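Residue strings, one per chain:
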Amino acid sequence: MSDKLTHKNILTKFAVQIKWMEPNLLIDKTQDEARQGEAYASQANSGVFEKHFYVESYGCAMNFADSEVVAAILEKNGFGGTKNIEIADLILINTCSIREKAELTIRKRLTEFKRLKQANPGVLVGVLGCMAERLKAQLLEEEKLVDLVVGPDAYRTLPDLIANAGTGQKAVNVLLSRDETYGDIAPVRLDNNGISAFVSIMRGCNNMCSFCVVPFTRGRERSRDAFSILAECKDLFEKGYKEVVLLGQNVDSYYWSNPENNATTTFAMLLEEVAQIDPSLRVRFSTSHPKDITDEVLHTIVKYDNICKHIHLPVQSGSSRILQLMNRTYTREWYMAKIDRIRALIPNCSITSDIIAGFCTETEEDHQDTISLLHYANYDLSYMYFYSERPGTLAARRYEDDIDLVTKKRRLQEIVDVQWTLSNESNKRDLGSVFEVLIEGNSKRNEAEWMGRNSQNKVVVFPKGNFNYQKGDYAQVKIQDFTKGTLLGRIV
Ligand code: SAM
Ligand code: SF4
């Protein structure tokens, strides 16, 4: 790993320090490298179960949220979570297929489970999530130790699948659903900070961006019952949580129709209702597709102080020609106008993006369009990748992956360098400002310091001093300095 590629992320949801795990990947806002492969278990009920499951999660926040649904299903069926893989009766790996590298990491991890299976042949190994959906029963053949393969819409069948696998049968369920949202399942919160929680509001995606495997692995878009979302958020608040992150691949297209009276709920309406639960409950959301984010949503963000002033608005490319090949359904100019609109309505809003370097047929001129768009949008942060062809996607079927790896990496590095300058300037602009910071816990480096986030989702670290603040409190912090990925300040 090149030193040059080491980068601290300032906006990512969880991590204080984010590093490049691979040359092509800078962490997604909802795909936290610090949490990749995290094994986690509910603290609350440990010790009351005779059987134990161990789950490792990879990929985006949706997967981490799904693991909490899986935990709830398993707890109801006699399995308690453990962080100790050695004592687990069931080992699960919740997988990601978004880039080839993600799948290779998981394959490698599966080989490491072999030793455990040899030591304890009774232990069951299950693959969940997008890789399970993409490779289906093929995984059983290729990875000899896998007993269960379960797609993202089939988690309710886990107890039956486990029972089948326990009798030596291979158990596979990768059926995608048009209506499964797990809306009635209260997720078991696994080892998070007790302050911020993910709440899935929809599943799947209908967008068909040509590079993306998500519509194939997670199925059609469907929105969750608004009442169940509100109930979950209220429950979290009553349990002491101070922030909810509304999750979906394309949250702005959330649309739920009440079957009893046909009343509809849009994303702006949902956002408003969640914000009204309590002014001290922060609301975040991710991800917004530029084509779907409406003025109504922007006005709602303005109207409520507790809706965080941060929009993740992935552009993917700054070239209209490439955007068309990507099937993003907007042009460079249209996207720029959207940025203008956000800046006009919400001047203190941070804007972040995802960018793909080296998509099929990308010329140097297209690449320069991306660079100039970065400058125009003046992103606070971007998550940058080079294009990785995914089997079965529209791009894989239609276009040749014709940009060589050296060029992809060089272009990616140029994009990273520009973004780095923009992020640095963004931090510089914060010097002297006072932010309301939600305290998430001790700073990783120093227990005499707190770590929290401002509304713009920047990590802020500051000395505890003689103040009597606790985790979950809000503090007013004046910014005095910054490191690569963190604002540094003091309580005022
Ligand atoms: N639904 C969200 C959106 O549209 O922005 C997130 C999708 S995906 C989980 C996160 C990011 O991964 C995408 O925004 C895109 O930049 C990147 N990505 C998806 N497919 C990719 C591919 N084949 N190669 C490289 N990056 C990819
Ligand atoms: Fe993939 Fe596009 Fe859907 Fe995002 S919006 S999940 S990039 S198809």
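Residues numbered from 1 in each chain as written. Chains lettered and ligands numbered in written order. Predicted model: local features only at pLDDT ≥ 70, side-chain atom pairs only at ≥ 80, totals over all residues. Heavy atoms only, no water.

**Q** How would you summarise the nonpolar core if you had to cite specific residues and measurements?
**A** If you look at the biggest cluster of nonpolar residues, it comprises 57 residues, and the most contacted ones within it are L246, F267, I311 and Y379. Top contributing element to this core by residue count: helix α9 (residues 267–275), with six residues. When sequence neighbours within four positions are dropped, the list of residues in contact with F267 reads I201, L246, V251, D252, Y254, F285 and V297. Core analysis: the next-biggest nonpolar cluster, separate from the first, contains 26 residues, A72, I73, L92 and L158 among them. (Core = buried A, V, L, I, M, F, W, Y, C linked by side-chain atoms within 4.5 Å. Buried < 20%, exposed > 50% of the residue type's maximum accessible area, 1.4 Å probe, protein only. Helix = DSSP H or I, 4+ residues; strand = E, 2+ residues; numbered from the N terminus. Contact = heavy atoms within 4.5 Å.)

**Q** So what's going on with the environment of S57? Which residues, and what values?
**A** For S57, the position within the fold is in strand β2 (residues 51–57). Residues S57 and A71 lie 14 residues apart in sequence; the distance between their C-alpha atoms is 12 Å. Polar contacts involving the side chain of S57 include one to the side chain of S67, which spans 2.7 Å. (Polar contact = N/O pair within 3.5 Å; in protein donor to acceptor, adjacent residues only side chain to side chain.)

**Q** Please set out the site of ligand 1 residue by residue, giving values where relevant.
**A** Surveying the vicinity of ligand 1 reveals 16 residues, the closest of which are F211, Q249, Q316, D354 and S388. F211 is positioned with one of its backbone polar atoms (N or O) 3.0 Å from a nitrogen atom of ligand 1. Take Q249: an N or O atom from its main chain is 2.7 Å from a nitrogen atom of ligand 1. Contact with the protein chains hides 95% of the accessible area of ligand 1, taken as 550 Å² for the molecule alone. If you list the elements that add at least two residues to the shell around ligand 1, you get β16 (350–357) and β17 (381–386). When its residues are assigned to classes, the shell around ligand 1 shows seven nonpolar, four polar and five charged. (Near = heavy atom within 4 Å. Areas by Shrake-Rupley, 256 points an atom, 1.4 Å probe, with all protein chains shown as cover. Nonpolar A, V, L, I, M, F, W, Y, C, P; charged D, E, K, R; others polar.)

**Q** How would you sum up the packing of helix α10 (residues 295–303) against helix α12 (residues 332–345)? Please name residues and give values.
**A** For the pair α10 and α12, the least separation of the axes is 10 Å and the interaxial angle reads 25°. When the axis of α10 is compared with that of α12, the two are roughly parallel. The interaxial crossing formed by α10 with α12 has right-handed handedness. Side by side, α10 and α12 meet where D295, L298, H299 and V302 of the first sit next to R341, I342 and L345 of the second. Class assignment for the residues of the contact of α10 with α12 results in four nonpolar, one polar and two charged. (Axes fitted to C-alpha atoms, helices over the stretch in contact; angles between N-to-C directions. Parallel < 35°, antiparallel > 145°, perpendicular 65-115°, else oblique. Left-handed = near helix turned anticlockwise from the far one by under 90°.)

**Q** Provide a residue-level description of the pattern of salt bridges, including the pertinent values.
**A** As enumerated under the stated definition, the model contains 31 salt bridges in all. Between E68 and R189 there is a salt bridge, and its shortest N-O distance comes to 3.0 Å. Of the two residues, E68 sits in helix α1 (residues 61–76) while R189 sits in the loop between β7 (171–173) and β8 (196–200), which places them 121 residues apart along the sequence. A relative accessible area of 15% means that R189 is categorised as buried. Of the charged contacts in the structure, one is a salt bridge between R203 and D153, with a shortest N-O distance of 3.6 Å. Taken together, the residues span a long stretch of sequence, with R203 in strand β9 (residues 202–203) and D153 in the loop between β6 (148–150) and α6 (158–166) at a distance of 50 residues. Here R203 and D153 have matching classes, each one buried. (Salt bridge = Lys/Arg side-chain N within 4 Å of Asp/Glu carboxyl O.)

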